[in-house]
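Here's the letter readout for the chains.
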Amino acid sequence: MLTSAKRKFILIHVLTMLVPLCVMGLLIIIFAWEEIEQRFHQEQISILGSIKKQVVDRHADAMENTLLVLSQDDELWQIHDDPQVQNRILKNWRLLQQIFPKRAWIYYGDTRNRIIVSPPWEPPENYDLRERPWYTAAKESGELTWIQPYAEFITNETVFTAAVPIHNKQGDFAGVLAIDTFLQDFFHGMRTEALKETSQLLIVTRNNETISLTPEQAGGVTPDSSFQWSNFFRNTDSSGYINLNGTSYYAAFKELTPLQFYLVSLTPRSAIMSEMETLGYIIILVTLIGILVTGAGSIYIARYVLSNIKSLNSYMHDISQGDLTIRTCVSGEDEFLTLNSYMNTMVRTLSRQIESQRSTNQELAEKNKKLDRLANVDGLTRIANQRYFTETIQREWERLGREKQPLSLLFLDIDFFKPYNDHYGHQAGDDCLRIMGGILENVTRRPADIAARYGGEEFVVLLPNTPSEGARQIALEIQNNLAQKEIPHEKSEASPYLTCSIGVATTVPGNEFSADSLVDEADKAMYEAKKQGRNRIVVSS
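Note that this is a predicted model, so its numbers are computed, not measured. (Residues numbered from 1 in each chain as written. Predicted model: local features only at pLDDT ≥ 70, side-chain atom pairs only at ≥ 80, totals over all residues. Heavy atoms only, no water.)

> Would you mind going over the packing of helix α11 (residues 426-443) against helix α12 (residues 468-485) with me for this structure?
Two quantities define a packed helix pair, namely the angle between the axes and the distance from one axis to the other. In contact at an axis separation of 10 Å, α11 and α12 are set at 140° when each is read in the N-to-C sense. On the basis of their axis angle, the class for α11 and α12 is oblique. Two packed elements cross with a definite hand, and for α11 against α12 that hand is right-handed. Residues I435, M436, I439, L440 and V443 of α11 pack against I474, E477, I478, N481, L482 and K485 of α12. Here the contact of α11 with α12 is composed, by residue class, of 8 nonpolar, 1 polar and 2 charged. (Axes fitted to C-alpha atoms, helices over the stretch in contact; angles between N-to-C directions. Helix = DSSP H or I, 4+ residues; strand = E, 2+ residues; numbered from the N terminus. Parallel < 35°, antiparallel > 145°, perpendicular 65-115°, else oblique. Left-handed = near helix turned anticlockwise from the far one by under 90°. Contact = heavy atoms within 4.5 Å. Nonpolar A, V, L, I, M, F, W, Y, C, P; charged D, E, K, R; others polar.)

> Even after reading the chapter, I still don't get the pairing of strand β8 (residues 239-244), so can you show me in this structure?
The side chains of a regular strand alternate between the sheet's two faces. Two strands pair when backbone bridges link them, and β8 and strand β9 (residues 247-256) are joined in this way by 6 bridges, in the antiparallel orientation. For Y241, the partnering residue across the bridge sits in β9 and is Y250. Counted between consecutive antiparallel strands, the loop separating β8 from β9 contains 2 residues, among which N245 sits at a positive phi close to 50°. (Pairing = 2+ DSSP bridges.)

> I tried to follow the sheet that holds strand β6 (residues 200-205) on my own but got confused; where do I start?
Backbone hydrogen bonds hold the strands of a sheet together, and the pairing may be parallel or antiparallel. Here 5 strands make up an open sheet; going across it, the order is β7-β6-β10-β9-β8 and the pairing antiparallel. Of all the strands in the sheet, the pair left with one neighbour each is β7 (210-212) and β8. Averaged over neighbouring strand pairs, the angle between their axes works out to 35° when direction is ignored.

> Help me understand α11 in this model?
Given 3.6 residues to a turn, an α-helix orients residues that are three or four positions apart in the same direction. When the terminal C-alpha atoms of α11 are compared, their 26 Å separation across 18 residues agrees well with the 26 Å that a helix rising 1.5 Å per residue should span. Restricting attention to buried positions, one finds in α11 the residues A428, G429, C432, L433, M436, G437, I439, L440 and V443. On its buried side, α11 packs onto β11 (407-414), α10 (417-424), β12 (450-455), β13 (458-464), α12 and β14 (500-507). (Expected span 1.5 Å × (residues − 1). Buried < 20%, exposed > 50% of the residue type's maximum accessible area, 1.4 Å probe, protein only.)

> Mind showing me how you'd approach the environment of M316 here?
You can see M316 is positioned in helix α7 (residues 295-320). For the pair formed by M316 and M343, sequence separation is 27 residues and the distance between their alpha carbons is 8.4 Å. Excluding residues within four positions of it along the chain, M316 makes contact with M343 and M346.

> What is the right way to read unusual backbone geometry from this model?
For residues other than glycine, phi is negative in most cases, and the peptide bonds are mostly trans. A cis amide bond links S118 with the next residue in sequence, P119, at an omega value of 0°. Tracing the backbone shows P119 in the loop between β2 (115-118) and α3 (133-141). Although it is not a glycine, R382 sits at a positive phi angle of roughly 65°. Within the secondary structure, R382 sits in the loop between α8 (335-376) and α9 (386-403).

> Explain the pattern of salt bridges to me, please; I cannot follow it from the model alone.
Pairing is possible between side chains that carry opposite charge, provided their charged atoms lie close to one another. This model, assessed by the stated rule, comprises 14 salt bridges. Between D431 and R434 there is a salt bridge, with its nearest N and O atoms 2.7 Å apart. Residue D431 and its partner R434 are located together in helix α11, separated by 3 residues, close to a single helical turn. Note that R446 is salt-bridged to D449, the shortest N-O span being 2.9 Å. Note on R446: relative accessible area 35%, which makes it partly exposed. Residue classification places D449 among the buried residues on the basis of a relative accessible area of 9%. When salt bridges that share partners are traced, they join D73, E75 and R88 into one network. (Salt bridge = Lys/Arg side-chain N within 4 Å of Asp/Glu carboxyl O.)

> Would you take a moment to explain the side chain of K530 for this structure?
Its place among the elements puts K530 in helix α13 (residues 515-531). With relative accessibility at 18%, the residue K530 sits in the buried group. Among the polar contacts made by the side chain of K530, one reaches the side chain of D413 at a distance of 2.9 Å. (Polar contact = N/O pair within 3.5 Å; in protein donor to acceptor, adjacent residues only side chain to side chain.)

Encoded structure:
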């Protein structure tokens, strides 16, 4: 039978342990809740930022770069009036469309309500492109612009569009070139990876239109049209709690600039609460044990608990520093080991996510490299185009100017190419240009040498760190290689076979001249070779 003193001792002992344990448990729960919310916030914002950077920004850049490349075609405004121009431009459109989702459209509409689309599409009689959002916005801005997502004319599905005004040779407004992508198709490619890291994804336009990117069979949210997303975005920093269809969600969002809509990640609040359950069970268990054990047992348990907490804390610190090595850091086989197992599971998941992200980044980098190659390669000859040549010669001019080393340039023109084209046909002319491109590619052996198609039947060869005599030898090798091909040319006044005239210019870059002056010198030397009877090499003095 317990005496009064023993009862008091037990009561004091229990209260002495129970009160601090309860207070400690409450503080741990509060701290853990704040930490979980903070971590969850950072993870969701990081996921959305990664999607924006790796998917949206790259796609938007690809659309802008494609528009800029296509808009630089001086004959684009004639696409409705010249079948040859139309065939050439549509061929380029189809080539570039391969880098976009399957329902991405490239189209051009002019001031006479004529439109040409790739893939092919015939507008109905009541279609007036001059009233469409992409046409009016681009015409009004006068430059490349992104249009507020709108309903596509036929299917009424939401699309996002980039458009740029086109002007004729006189500088007058001639029409609008545009690229658009269906929202559902564009985001379809990222659903599988993104939904491994967040439970729900929504697209919200500035008009409060909501599109769920999570399939309904996977628990997708039915968009609530009554919810005022604009107020939420305006009054919230980057995340917060909302109620949709009677369910509380934690919502994080990211504005997808320059596209005029938001990407929203939703996670049920219950999913966050579930992370607190295990910790709550541990606290309750520790509290009950503390009430029942004696002082000696309390000391032992305190030491045991503190030791494991310290180990787990050290483990978490190592994880926060990037050490994702999976290990068992607790003693015994109790709830601490279960918690350690949960942490190991978290580390495994994090490692897989990092590896998946790395793989996604690598795939996107490869696609970006393909786009860069398409923008820098001439479609017919498969060597560099004029744009890439212009960028390279400026870069080499600055480098060799610093190093005080020579820079040589060959300017090449196929002799009597127009009579050749008229006599043998355009297909033979294209084959001739391809052969010449192959010859130039073979003679540019060094990594820094560049062969490019300058325009029409004109080619250039850039030879860094090459003196005049070395450049002349390269020019002679080009003529010899072409002569060995023995391509018949009945309309040539210089030879029974296809020949070329080459101008050579060499200089050490300096501030008193520019890269354009070297191009002019090589061009003049080439025309001098033509004046002297063609099939010649003239070195600029």
